[in-house]
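So you can see what is in the structure, the chains are spelled out below.
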Amino acid sequence: MSTEVISQIDVDRTRGDFHYPEQHTFDAGTGLSHATIDYISDVKNEPDWIREFRHKALDVFLSKPMPTNWASKDLENIVFENIRYYLANAQRPTRSWDEVPDDVKRTFERLGIPEQERKFLAGVEAQFDSEAVYSNMKKALGDEGVIFVGSTDGLRDHPEIFKKWFGRVIPTGDNKFSALNSAVFSGGSFIYVPPGVKVKHPLQAYFRINAENFGQFERTLIIADEGSEVMYMEGCTAPKFETATLHSAVVELVALKGAKIQYVTVQNWSANVFNLVTKRAVAHEEAEVKWIDCNIGSRLTMKYPGVILKGRKARGEVISIALANNGQHQDTGAKMIHAADETTSNVISKSISIGQGRATYRGQVHIPKHLKGCKNNTECDALLINSTSRTDTYPAITVRGLGNSVQHEASVSQVSAEQIFYMQQRGLTEAQAMSLSVNGFVNDLVREFPMEYSVELKRLIDLEMEGSVG
Amino acid sequence: MSLVIHNLHARVVGGQEILRGLNLEIQKGRVHAIMGPNGSGKSTLSKVISGHPDYEVTAGEVLLDGVNILGLEPDARARAGLFLAFQYPVEIPGVSNANFIRAALQARLGEGEELDAVDYYGDLYKEMDKLEIPRAFTARSVNEGFSGGEKKRNEVLQMAMLKPSYAILDETDSGLDIDALKIVAAGVNAQRGPGIGMLVITHYQRLLDYITPDVVHVLVGGRIVHTAGPELAYELEAKGYDWIREELAESASA
Ligand SMILES: Nc1ncnc2c1ncn2[C@@H]1O[C@H](COP(=O)(O)OP(=O)(O)OP(=O)(O)O)[C@@H](O)[C@H]1O
Ligand SMILES: [Mg+2]
């Protein structure tokens, strides 16, 4: 039974490593200027406020320095002039796979998306380069008032909700890459769940990069109204090119009073992708936001999902798994900003560094002095596979005030030669032994995943370990 | 059909020689016991045979049913039928016992072959019952937090599940209480038969009361220096190793 699932949701990087010849009707050209922005706005036929928002964001982007002072020098290798910022065939996704162009459809079929949709999803959005090509949701959800569309459609068809929340959780100037996204964003999901509606099955988005020298800048906005519940899952792949690809998303979540949002990511970009993503949520009174974030692919990932705990008794959680293989740097973490009494946050991060791989944890927990009854728990564990592997932890915990509590644990362990020998003596190859250790290390976190994703994650880990042993 | 160790010389990589021309033949269907003073090289022998990377073989060969296995990776040797019950079993955090043994069995199957889960758990529970291991141990991480005796039982459980053709048991009796010793010995005896050759390393005659060996060897200074029947174990228990060392010294000077 488990093998059946594996063969159907197998999106390992080797399987993602293919691409079809490009044919784009809409192409903003190479490089970034105010003209690029006008092109995007024209093509999308956007209202003026968005056009202005984009232009201002570009100025902010240009004025901000690269964060190389605290982050990786590798960022200097992004050549913004060589990137193409908008590539699409159409602005409206279809509601039927039959209407998706053949090559694109074949891509998503190879990645198993339509099949997953039939098996366990309430809705799917499939983005190919800059725009969603397919977007559909079970009819019953639409009848309950749930909105699940691409951001382009969200802006056009639901401006009253869109405008109210867009850019409110993550301001343009939050960081250089949120500014870049704000300037050229396209694609991503827009979700609204009405009060009290509990979406039982996950909604899924799949982000696919096909083109070379390209940047994907999706923008996702999820609003869970009072007492509603939703789970969103995203996956992604790209073919491996010699040149660098840029992926820079902004994801904003709003959980209103008593709402619950779970956001699951399995990031499996090819090893030439710079993945620089800003993700943040606001949790109102008694709301719960949980980020489950797995980073397996990419060349450099910088991503620190956060929750602003704005209402009394709000809960925020980040569960994060990062796997850094040779040539990869996973710079991940979490931000928990407590802004109301009795708010609680929990961060559990596990990273695995293989070969020359580097994993960095950056955490920020902020509990100001005037708050009472707040709690944070942070655990970060690192597993090193080789003596050349590297891990760094930068926790920044500012907790003031008496009635607040914080707990922080960190550990670094290494898979020992004795463990590997013991497992090999039982007949497992070195790679199988490594996989088993790594899976053992992340096991308790993987249990938090929907079953289909935990099987996929296990399979991805096996593949990484196979590739890492000679 | 036998496991032949011929003129084996081995040292810690870049270090001192520990095995110095060791000869031994373990026949399928028989139980050999090895006794010897602390530090004489018993555990080293077991690890060199199974391919531990800390040691390098400088001369000699190890033939498993006629095939020299010294060039093989440890896992290939294991799949060829070799099993080592460790003197100090290793803990593997996060990996459940049941998954571990299952993965080890799965590794012995060909491409595309899948272990039948129902049969597997049936076998596992049967063997656990024989060794009086509680069911809860299937879900616990391999050896993690196990008591000394529990670890040893778990080694014998793995041996029962993997059905090797040659098994080396390195001080499987140490750390076992008297009742556990009987249970584990019964478990080992149940596995005795024409299809398996065993090498039982022990310091105590007591174990050999339960697992009666066909042959007893004495290992001193990296060599087998004496071989006799089961009665040798009693003699060693009564007299220690000095008389053997003296005999050795005499024969060396003669
Ligand atoms: N990896 C190693 N590095 C350094 N010395 C080693 C290593 N392995 C074994 N030795 C040394 O080789 C000698 C033999 O050790 P070994 O563990 O084989 O003894 P043993 O006969 O099993 O002893 P015991 O009865 O105490 O278990 C000892 O002096 C030991 O210190
Ligand atoms: Mg020993």
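Residues numbered from 1 in each chain as written. Chains lettered and ligands numbered in written order. Predicted model: local features only at pLDDT ≥ 70, side-chain atom pairs only at ≥ 80, totals over all residues. Heavy atoms only, no water.

A. Representation of the environment of Lys130 of chain B within the structure. Among the secondary structure elements, Lys130 of chain B is positioned in helix α4 (residues 117-130). C-alpha of Lys130 of chain B to C-alpha of Gly149 of chain B: the two residues are 19 residues apart in sequence and 15 Å apart in space. (Helix = DSSP H or I, 4+ residues; strand = E, 2+ residues; numbered from the N terminus.)

B. Main features of the interface of chain A and chain B. Contact residues are listed per partner, giving 17 residues for chain A and 33 residues for chain B. Both sides of the chain A and chain B interface together cover about 2000 Å² of buried area, and 63% of this is carbon and sulfur. In terms of surface lost to chain B, no three residues of chain A exceed Phe421, Tyr422 and Arg426 of chain A, which account for 38% of the buried area on that side. Across the contact surface, chain A and chain B share 1 salt bridge. Those elements that place two or more of their residues in the side of chain A that touches chain B are α11 (417-425) and α12 (430-446) of chain A. When grouped by side-chain class, the residues that make up the side of chain A that touches chain B number 5 nonpolar, 10 polar and 2 charged. (Contact = heavy atoms within 4.5 Å. Buried area = accessible area lost by both parts, 1.4 Å probe. Salt bridge = Lys/Arg side-chain N within 4 Å of Asp/Glu carboxyl O. Nonpolar A, V, L, I, M, F, W, Y, C, P; charged D, E, K, R; others polar.)

C. Region of the structure containing the pattern of salt bridges. Residues and elements named next belong to chain A. By the definition in use, this model includes 36 salt bridges over all chains. Of the charged contacts, one joins Asp157 and Arg92 as a salt bridge, the two residues approaching to 2.9 Å between their closest N and O atoms. Taken together, the residues span a long stretch of sequence, with Asp157 in helix α8 (residues 151-157) and Arg92 in the loop between β2 (87-88) and α5 (102-110) at a distance of 65 residues. Residue Arg92 is classed as partly exposed on the basis of its relative accessible area of 47%. Note that Arg312 is salt-bridged to Glu342, the shortest N-O span being 3.3 Å. Of this pair, Arg312 sits in the loop between β17 (306-309) and β18 (315-324) while Glu342 is found in the loop between β19 (329-338) and β20 (344-353), placing the two residues 30 residues apart along the sequence. (Buried < 20%, exposed > 50% of the residue type's maximum accessible area, 1.4 Å probe, protein only.)

D. Seen up close, the coordination of the magnesium ion (ligand 2). All names here are of chain B. Here the magnesium ion (ligand 2) is held by Ser43 (OG) and Gln87 (OE1), and the distances to it run 2.0 to 2.2 Å. Residue Ser43 is found in helix α1 (residues 42-50), and its partner Gln87 is found in the loop between β6 (82-85) and β7 (92-96); the two are separated by 44 residues along the sequence. Of the residues examined, Ser43 reaches a relative accessible area of 19% and is grouped as buried. The exposure class of Gln87 is buried, given its relative accessible area of 15%. (Donors = N, O, S within 2.8 Å, 3.2 Å for Na, K, Ca; no water.)

E. Quick look at the confidence of the model for chain B. Per-residue pLDDT for chain B averages 95, and the proportion of residues at 70 or more is 100%. For this predicted complex, the interface confidence reaches an ipTM of 0.97, while the overall pTM sits at 0.85. (pLDDT = per-residue confidence, 0-100.)

F. Quick peek at the sheet that holds strand β4 (residues 55-64) of chain B. Residue and element names in this part refer to chain B. Taken together, 4 strands build an open sheet; the order of strands is β2-β1-β4-β5 and the sheet is antiparallel. The sheet terminates laterally at β2 (17-27) and β5 (67-68), the two strands that pair on one side only. Direction of pairing for β4 relative to β5: antiparallel, over a ladder of 2 bridges. Each residue of the ladder has a partner; that of Leu64, found in β5, is Val67. (Pairing = 2+ DSSP bridges.)

G. A look at the site of ligand 1. Residues and elements named next belong to chain B. The environment of ligand 1 is made up of 15 residues, and the closest members are Lys42, Ser43, Thr44, Tyr55 and His203. One nitrogen or oxygen atom from the side chain of Tyr55 is found 2.7 Å from a nitrogen atom belonging to ligand 1. Glu171 places a side-chain nitrogen or oxygen 3.3 Å from an oxygen atom of ligand 1. Coverage of ligand 1 by the protein chains reaches 66% of its 630 Å² of free accessible surface. Looking at the shell around ligand 1, the element that brings in the most residues is α1, giving 3 residues. (Near = heavy atom within 4 Å. Polar contact = N/O pair within 3.5 Å; in protein donor to acceptor, adjacent residues only side chain to side chain. Areas by Shrake-Rupley, 256 points an atom, 1.4 Å probe, with all protein chains shown as cover.)

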